[in-house]
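These are the residues of each chain, in order.
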Amino acid sequence: MITGFVALYIFMLAAFTGYEIIGRVPTILHTPLMSGSNFVHGIVLVGSMVALGNANGFWQILIGFVGVLLAAGNVTGGFVVTDRMLGMFKSSED
Amino acid sequence: MGAWYYIVNISYFFAAVLFIYGLKQMGSPRTAPRGIKWAGGGMAVAVFFTFFQPAIHGAWLNYLLMVIAMAIGGGGAWITGKRVQMTAMPQMVALYNGMGGGAAAAIALVELYSHEAFIKGEAVLFMAVIGALIGAVSFSGSLIAWAKLEGKLDKPFRVPFQQLINIGLVAIIVALGIWILMSSLSAPILVTLFFVVAFAFGIVLTTPIGGADMPVVISMYNAFTGLAVAFEGYAIGNPAMIIAGMVVGAAGSLLTWLMAKAMNRSVSNVLFAGFGTDDGSQGEAIEGEMKSVEPFDAAASFAFADSIIIVPGYGMAVAQAQHKLWEFCQILKNEHHVDVKFAIHPVAGRMPGHMNVLLAEAGVPYDMIYDLEEINPEFPSADAALVIGANDVVNPAANTDESSPIYGMPILDVASAQEVYVIKRGRGTGFSGVVNHLFFGDNTRMIFGDAKQVCSDLSAGLNEI
């Protein structure tokens with residue numbers, strides 16, 4: 001379990017990392033990078049699995065189920081479209 | 001702490017490292033294809049080991065449902081992701097993003113229904129509630145963005161007292177949120193109501209926004225989902241979710257700001273002001289008329305040019321003209337030795353970098369494609385500029401006419417080329433409803449018609465020379 005200020009530091013450092021990553025990216029990669037980061041927040045799947053795994057009773061299980069389903073869509077779809085787009089970029093020397 | 005505790009958490013650590021490394025690789029066209037595979041590997045590891053997560057106490061039924069849900073969601077997204085056309089990419093990204101937001105909100109709902117979050121202390125409860133709000137707004141907002149881009153919701157429509165409704169919904173959300181935070185036990189009705197109002201807010205926020213503002217909106221909801229994931233990561237004690245979510249949240253926020261800046265507007269202006277929907281001044285009246293030319297005659301001018309610059313816009317995407325355009329450019333390059341460059345405005349199309357993806361699909365090498373700052377000094381020395389389906393991003397009124405709604409927006413300086421050719425479907429105004437002075441310029445010739453057909457005709461014209 002992460003507590004109080006340690007979490008705050010994690011949040012801060014991760015935010016700067018994100019800022020640095022996209023700061024100098026050429027416009028040409030904005031779409032793949034956006035859909036790539038769209039894929040990365042698909043890590044929510046891991047959390048949804050835990051939520052469904054611990055769900056009790058009909059409503060919790062139903063919502064947990066929908067959560068995993070949506071998250072799996074985010075992960076898979078995000079990966080497939082990003083991979084397709086990046087595969088198309090080539091330079092004249094290739 | 002059993003062995004699995006360590007194994008699972010080490011896998012999350014590796015996933016976080018691979019996400020950041022993968023995203024970093026995606027910052028350059030050469031390494032980018034590897035980058036997404038690194039990130040994908042990290043994701044696969046994290047998801048696989050979560051099946052052995054000791055924090056899961058559920059029965060076998062829970063695991064079975066997990067696998068079924070993953071098969072349905074993952075399978076559906078796999079098929080649609082493989083089949084979707086490149087022109088439809090913005091709405092697919094919006095859809096997948098909305099699903100992530102919905103998943104974050106679902107985690108919060110399960111936590112808040114089950115007293116879990118109420119036992120773990122105020123900080124956890126607070127983060128769970130905020131994450132639920134942002135996730136739900138991103139969920140419904142992205143779905144609306146998807147529907148709009150799919151053409152299922154045609155017009156930006158505004159209800160009367162839009163701002164009052166927005167403010168009212170925010171007030172209700174804040175009140176309900178505080179109420180939940182003050183409760184010592186879970187109140188399912190309250191939590192459900194909170195979620196429903198947040199969901200409605202996402203809808204009301206997104207419906208009035210027009211198509212050309214979608215790059216900002218899609219990028220913003222991407223950042224929202226990232227933040228929601230980070231907050232829920234804190235609520236359920238998962239550092240991989242905090243790091244990945246926060247990295248995306250920060251990167252997405254920066255990208256959103258860059259997009260808005262490229263239109264010389266603030267993000268709140270994009271969200272709340274509407275555009276081209278208010279009556280009144282649409283810029284100075286125009287004297288003169290459009291001069292049209294047949295594709296065959298235009299092709300002759302291109303063939304004898306030394307250098308031309310092509311400016312694609314959303315109209316090229318609508319007409320699916322990117323392949324025919326590239327065929328035309330290849331003939332120009334290879335048989336007539338014309339130097340061809342592509343100029344792309346940051347907000348051309350319906351998501352950041354939309355045009356780059358379409359040109360890449362057609363086979364255009366990325367070193368022929370230039371950003372706004374790089375290419376603008378080159379227009380005066382270009383023999384011809386060819387505008388295909390772009391409008392507001394080449395409108396000189398943005399530089400000269402203070403009464404124009406788009407005044408101050410950085411534009412591609414097409415008008416300074418020796419000759420300007422504009423492929424356009426009809427004589428109407430663009431998305432913003434602003435008259436384009438470029439089309440009436442002395443050195444401008446209009447080629448009216450479907451962009452794809454015109455490109456074919458241009459190629460045919462070249463071949464007859």
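Residues numbered from 1 in each chain as written. Chains lettered and ligands numbered in written order. Predicted model: local features only at pLDDT ≥ 70, side-chain atom pairs only at ≥ 80, totals over all residues. Heavy atoms only, no water.

1. Here we look at the overall build of chain B
Then, in step 1: Looking only at helices and strands, one finds 18 helices and six strands in chain B.
Then, in step 2: Scaling as 2.2 N^0.38, a compact globule of 465 residues should have a C-alpha radius of gyration of about 23 Å, and chain B matches this with 25 Å.
Then, in step 3: Projecting the C-alpha coordinates of chain B onto the three principal axes gives extents of approximately 75 × 50 × 35 Å.
Then, in step 4: Scored against the burial criterion, the 465 residues of chain B give a buried share of 57%.
Then, in step 5: Sequence-distant contacts in chain B: of pairs separated by 6 or more residues, those separated by 24 or more amount to 77%.
Then, in step 6: When the accessible surface of chain B is summed, it comes to about 18600 Å², and 63% of that surface belongs to carbon and sulfur atoms.
Then, in step 7: Here chain B holds 23 positive side-chain charges and 34 negative ones, and the gap between their average locations is 8 Å. (Helix = DSSP H or I, 4+ residues; strand = E, 2+ residues; numbered from the N terminus. Rg over C-alpha atoms; globule rule 2.2 N^0.38 Å. Buried < 20%, exposed > 50% of the residue type's maximum accessible area, 1.4 Å probe, protein only. Contact = heavy atoms within 4.5 Å. Areas by Shrake-Rupley, 256 points an atom, 1.4 Å probe, with all protein chains shown as cover. Lys, Arg positive; Asp, Glu negative; His and termini not counted. Charge placed at Lys NZ, Arg CZ, Asp CG, Glu CD.)

2. Details of the interface of chain A and chain B
Then, in step 1: Counting from both sides, the interface comprises 78 residues of chain A and, opposite them, 101 residues of chain B.
Then, in step 2: Summing both partners gives a buried area of about 8000 Å² for chain A against chain B, and 79% of it is carried by carbon and sulfur.
Then, in step 3: On inspection of chain A and its partner chain B, the count reaches one salt bridge.
Then, in step 4: In this structure, D83(A) and K37(B) form a salt bridge, with 3.0 Å as the shortest nitrogen-oxygen distance.
Then, in step 5: At the level of elements, α1 (4-23), α2 (30-40), α3 (44-53) and α4 (57-88) of chain A are the ones that each hand at least two residues to the side of chain A that touches chain B.
Then, in step 6: Among the residues making up the side of chain A that touches chain B, the classes are represented as 44 nonpolar, 28 polar and six charged. (Buried area = accessible area lost by both parts, 1.4 Å probe. Salt bridge = Lys/Arg side-chain N within 4 Å of Asp/Glu carboxyl O. Nonpolar A, V, L, I, M, F, W, Y, C, P; charged D, E, K, R; others polar.)

3. Observations regarding the pattern of salt bridges
Side chains that differ in sign of charge can pair as their charged atoms come close.
Residues and elements named next belong to chain B.
Then, in step 1: Going through the model one piece at a time under the given rule, you end up with six salt bridges over all chains.
Then, in step 2: For the salt bridge of D339 with K341, the shortest nitrogen-to-oxygen distance reads 3.9 Å.
Then, in step 3: Given a relative accessible area of 38%, D339 falls into the partly exposed group.
Then, in step 4: Three or more residues are tied together by salt bridges with common partners; here these are D339, K341 and E378.

4. Let's talk about helix α7 (residues 162-182) of chain B
Residue and element names in this part refer to chain B.
Then, in step 1: Between the first and last C-alpha of α7 there are 30 Å, a value that for 21 residues agrees with the 30 Å anticipated at 1.5 Å per step.
Then, in step 2: For α7, the complete set of buried residues consists of Q162, N166, L169, I173, L176, G177 and I180. Buried positions in α7, seen along its axis, are confined to an arc of 105° and lie on one side of it. Relative to its buried face, α7 has exposed residues pointing more than 90 degrees away, namely L164, I167, W179 and M182.
Then, in step 3: In this structure, the buried residues of α7 make contact with α5 (116-119), α6 (122-150), α8 (188-206) and α11 (267-272). (Expected span 1.5 Å × (residues − 1). Arc of directions from axis to C-beta.)

5. Describing the domain arrangement of chain B
Residues and elements named next belong to chain B.
Then, in step 1: Domain parsing of chain B yields domain 1 (3-272) and domain 2 (295-464).
Then, in step 2: Distance from the C-alpha centre of domain 1 to the C-alpha centre of domain 2: 36 Å.
Then, in step 3: Between domain 1 and domain 2, the contact holds 22 residues from the first and 20 residues from the second.
Then, in step 4: Regarding the contact of domain 1 and domain 2, the summed buried area is about 1700 Å², with carbon and sulfur atoms giving 72% of it. (Domains from an automatic or database assignment.)

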